[in-house]
Amino acid sequence: IMSMDFNQAADLLKGKTALITGASQGIGKEIAYRYERAGADIAFTYISSKDITHKLEDELTVRGVKCKGYRVNAADHDATHEMVADVIKHFGRIDVLINNAGVGSAGAIEKSPIADVKKSFEVNLFGVVRMCQAVLPHMRHQKYGRIINMSTLGSMIGLPFRAFYSSSKGAMDLMTEGMRLEVERYGIQACTIHPGEVKTNISSRRIISTDENDETYGKTIKKAFDSLNAAVNHGKNPKLFGPYIEKIINSNTVKRNYYIGTFDELLGIKLKKGLL
């Protein structure tokens, strides 16, 4: 899937508008850079500082490609719909929606405040639902669309101390599966991408519901956090996702799920399926 010639991808993306959430850094930012090079118009959302995003916007428009950033909270229903309406007004269309924005979380189920659990679902599930609801009427009208929701290999396994991250992403997976069956008749294809660990700064923004000083789970959590942070630090380069998603966008038939991981990461998923 990674062997697609860039010139071919550029021709197919030219003139399309991609809306990418969570694009001020990491995977979303690398996707935006790649699509700008391909001649696509770029709209993106962010929640980080304006200085970072203005720099990104300047870099993306340097070649004359249309680009616009929006500071939007995934929990704000009205702001999400207003942003999508402005994207359509500014660019004239939305061809691709990439729901990349998400939040990591870690903690013991017993010790996690319900407020923290809600935060995970608010961003990883309900934020994606809001974006899909906002763009679908437009995509139905133009009889074309690609919706790509960024999940995780962790949504396939209930991981210790990451249960609410896994379950919020797992709920998004099933939502996407149902949605793709509802909208395929309108020329819209939806899918989920399941990466293993990726080298980003997700660790610094993770919701921590149980810390290493907890009298019950502290020692075990420390080992789990150390292992998780090491895996992220040695994870995949975010740059690989741009060309990967290009192939999905330009495929005649989009599969339900795409899995990206090391041999060991993918083996764990296969073994679980085989044991059930």
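Structure's up top.
Small disclaimer: the values here were computed from a predicted structure and weren't measured. Counting restarts for each chain: residues are numbered from 1 in the order of the written sequence. Local features are withheld for residues below a pLDDT of 70 in this predicted model, meaning they are given only at 70 or higher, and side-chain atom pairs are given and counted only at 80 or more; totals for whole chains, interfaces and linings count all residues. As a rule here, side-chain values cover all heavy atoms of the structure and leave hydrogens and water aside.

Glancing now at helix 4 (residues 77–91). Only DSSP runs of H or I reaching four residues or more are called helices, and only runs of E reaching two or more are called strands; each is numbered from the N terminus. Helix span, as expected, comes to 1.5 Å for every residue beyond the first. Taking 1.5 Å of rise per residue, the 15 residues of helix 4 would be expected to cover 21 Å, and the 21 Å separating its terminal C-alpha atoms lies within 8% of that figure. Those residues of helix 4 that fall on the buried side of the exposure criterion are Thr80, Met83, Val84, Val87 and Phe91. Seen along its axis, helix 4 keeps its buried residues to an arc of 95°; they face one direction. Projecting away from the buried face of helix 4 at angles above 90 degrees are the exposed residues Asp78, Glu82 and Lys89. Relative accessibility thresholds used throughout: buried, under 20% of the residue-type maximum; exposed, over 50%; partly exposed, between the two (1.4 Å probe, protein chains only). In this description, the arc belongs to the directions extending from the helix axis to the C-beta atoms.

Any two of the Phe, Tyr and Trp rings considered here, Trp counted by its six-membered ring, make a pair once their centres fall within 6.5 Å; the pair's planes then place it as stacked at under 30 degrees, edge-to-face at over 60, or tilted in between. Following the criterion strictly, the structure yields three aromatic pairs and no others. Note on Phe44 and Tyr46: the rings are 6.2 Å apart at their centroids and 45° apart in plane angle, and the pair reads as tilted. You'll find Phe44 and Tyr46 in the same group, each marked buried. Here the guanidinium or amino end of Arg140 rests over the ring plane of Tyr186, the centre of that ring lying 5.8 Å away. Note on criteria: charge over ring means Lys NZ or Arg CZ within 6 Å of the ring centre, with the direction from the centre no more than 35 degrees off the ring normal.

Here the focus is the sheet that holds strand 3 (residues 67–71). Strands qualify as paired when DSSP identifies two bridges or more between them. Taken in spatial order, the seven strands of this open sheet run 3-2-1-4-6-7-9, and their pairing is parallel. Two strands lie at the open edges of the sheet, namely strand 3 and strand 9 (257–260), each paired on one side alone. Neighbour to neighbour, the strand axes of the sheet diverge by 15° on average, direction disregarded. Looking at chain direction, strand 2 (residues 41–46) and strand 3 are connected through five bridges and run parallel. Across the sheet, Thr45 pairs through a bridge with Tyr70, a residue of strand 3. Each of strand 6 (145–150) and strand 7 (188–195) touches helix 6 (residues 163–183); the most contacted strand, strand 7, lies at about 160° to it. In this description, contact between two residues means that some pair of their heavy atoms is separated by no more than 4.5 Å. Interaxial angle, 0 to 180 degrees, is taken between N-to-C directions of lines fitted to C-alpha atoms, where a helix line uses only the stretch in contact. The sheet contacts of helix 8 (residues 241–249) involve strand 4 (96–99), strand 6, strand 7 and strand 9, and relative to strand 6 the element is tilted by about 140°.

The next thing to look at is a nonpolar patch on the surface. On the surface, Phe263, Leu267 and Leu271 cluster together into a nonpolar patch covering about 320 Å² of accessible area. With respect to the helices, strands and loops of the structure, Leu271 is situated in helix 9 (residues 263–275). For patches, a residue must show more than 30% relative accessible area and have no salt bridge; joins then use 9 Å for like charges and 5 Å for nonpolar side chains, namely Val, Leu, Ile, Met, Phe, Trp and Tyr. Accessible surface area values rest on a Shrake-Rupley calculation with a 1.4 Å probe, where residue burial reflects the displayed protein chains alone. Any carboxyl oxygen of Asp or Glu that lies within 4 Å of a side-chain nitrogen of Lys or Arg is treated as forming a salt bridge with it.

Following the criterion strictly, the structure yields eight salt bridges and no others. One salt bridge connects Asp214 with Lys111, and the closest N-O pair in it is separated by 2.8 Å. A residue pair is termed long-range when its members are at least 10 positions apart, and Asp214 in the loop between strand 8 (207–208) and helix 7 (218–233) and Lys111 in the loop between strand 5 (105–106) and helix 5 (114–142) qualify at 103 residues. The exposure class of Asp214 is buried, given its relative accessible area of 17%. With relative accessibility at 26%, the residue Lys111 sits in the partly exposed group.

Before going further, it helps to spend a moment on the environment of Asp214. Taking the C-alpha atoms as reference, Asp214 lies 8.9 Å from Lys111; in sequence the two are 103 residues apart. A polar atom in the side chain of Asp214 sits 2.8 Å from the side chain of Lys111. Polar contact is defined as a pair of N or O atoms within 3.5 Å, subject to the rule that within protein one atom must be able to donate a hydrogen and the other to accept it, and that residues adjacent in sequence are counted only when both atoms are side-chain atoms.

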